Amino acid sequence: LNFQSCSKYEDGPAFSIITKQGRLVGKWEVVKVGGQNSNAYFGAGYTYYFEFESDGDFELSYDYTYGGQTYSYSYDGEWEWENNKEEIEVQLNGSSSKMEFEIKKLTNSEMTLDYSYGNTSQEWEFEKEN
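Overview of the structure.

What counts and how
Counting restarts for each chain, with residues numbered from 1 along the sequence as it is written. Only residues with pLDDT of 70 or above have their local features reported here, since the model is predicted, and side-chain atom pairs are shown and tallied only from 80 upward, although totals for entire chains, interfaces and linings are computed over all residues. With hydrogens and water set aside, each side-chain value is computed from the structure's full complement of heavy atoms. Definition used for salt bridges: Asp or Glu carboxyl oxygen within 4 Å of a side-chain nitrogen of Lys or Arg. Each residue gets one of three labels from its accessible area relative to the maximum for its type: buried under 20%, exposed over 50%, partly exposed in between, using a 1.4 Å probe on protein chains only. In this description, a nonpolar core means a group of buried Ala, Val, Leu, Ile, Met, Phe, Trp, Tyr and Cys residues linked to one another through side-chain atoms lying within 4.5 Å. Runs of H or I in DSSP of at least four residues are treated as helices and runs of E of at least two as strands, each being numbered from the N terminus. Contacts are residue-level and defined by heavy atoms, with any inter-residue pair within 4.5 Å sufficient. Stacked, edge-to-face and tilted are the three classes for Phe, Tyr and Trp ring pairs, Trp counted by its six-membered ring, which pair at centre distances within 6.5 Å; planes under 30 degrees apart are stacked, over 60 edge-to-face, the rest tilted.

1. Re the pattern of salt bridges
Consideration 1: A complete count under the given rule lists 3 salt bridges for this structure.
Consideration 2: Across the salt bridge formed by glutamate 102 and lysine 104, the nearest N and O atoms sit 3.6 Å from each other.
Consideration 3: By relative accessible area, glutamate 102 is classed as partly exposed at 34%.

Here's what the structure looks like:
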């Protein structure tokens, strides 16, 4: 048997038996932004997370460690598919603006999103938490 597939996303996967929503749902740690590791981008001690739930709920959270203490902050919102599941739109509660991310890669353990705002575009790389 020979399977051929056109990947919806630029960096794959070419084929998956897990649905796009099944791959997206869960907690994702930001590991790189714009080619820099997350500590270089956000600052030492910061760890950022995106969490997508199957019902459309979304949480942006981060932990900050300083002087042996860890502080956690989170912001709730909603997410939805856009452009035939090639993009994700996120709106945080209390915010009038929406963030739109183009999906470059979405596997069960890795995700790459392109975030454009104004004249700037950055690639965000994530690893799924277990």
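Next, the rest of the story.
2. Description of the nonpolar core
Consideration 1: Within the largest apolar cluster, 24 residues are counted, with the highest numbers of intra-cluster contacts made by Leu24, Phe52, Ile88 and Val90.
Consideration 2: Ranked by residues supplied to this core, first place goes to strand S7 (residues 99-106) with 4 residues.
Consideration 3: Apart from residues lying up to four places away in sequence, valine 90 is in contact with Phe52, Phe58, Glu78, Trp79, Lys98, Met99 and Phe101.

3. Some details on the environment of glutamate 129
Consideration 1: Relative to the helices and strands, glutamate 129 resides in the segment after strand S9 (120-128).
Consideration 2: The exposure class of glutamate 129 is partly exposed, given its relative accessible area of 33%.
Consideration 3: Sequence separation of glutamate 129 and lysine 27 is 102 residues, and the distance between their C-alpha atoms is 5.6 Å.
Consideration 4: Sequence-distant contacts of glutamate 129, that is, excluding residues within four places in its chain, are made with Lys27, Glu29 and Tyr49.

4. A few points about unusual backbone geometry
Consideration 1: Positive phi values are uncommon outside glycine, yet asparagine 83 reaches one of about 50 degrees.
Consideration 2: Looking at the secondary structure, you find asparagine 83 in the loop between strand S5 (69-82) and strand S6 (87-92).
Consideration 3: The residue lysine 85 is not glycine, and still its phi comes out positive at about 65 degrees.
Consideration 4: Along the chain, lysine 85 turns up in the loop between S5 and S6.
Consideration 5: With relative accessibility at 36%, the residue lysine 85 sits in the partly exposed group.

5. Description of the side chain of threonine 112
Consideration 1: The topology assignment puts threonine 112 in strand S8 (residues 110-117).
Consideration 2: Discounting chain neighbours no more than four positions away, the residues touching threonine 112 are Glu102, Ile103, Lys104, Lys105, Glu123, Trp124 and Glu125.

6. Regarding the packing of aromatic side chains
Consideration 1: Enumeration according to the criterion identifies 23 aromatic pairs in this entry.
Consideration 2: Note on tyrosine 46 and tyrosine 48: the rings are 6.4 Å apart at their centroids and 25 degrees apart in plane angle, and the pair reads as stacked.
Consideration 3: Owing to a relative accessible area of 24%, tyrosine 46 belongs among the partly exposed residues under this scheme.
Consideration 4: Note on tyrosine 48: relative accessible area 17%, which makes it buried.
Consideration 5: Measuring from ring centre to ring centre gives 6.4 Å for tryptophan 124 and phenylalanine 126, while their planes differ by 20 degrees; the resulting arrangement is stacked.
Consideration 6: A residue is classified by how much of its surface remains accessible, and tryptophan 124, at 10% relative accessible area, is buried.

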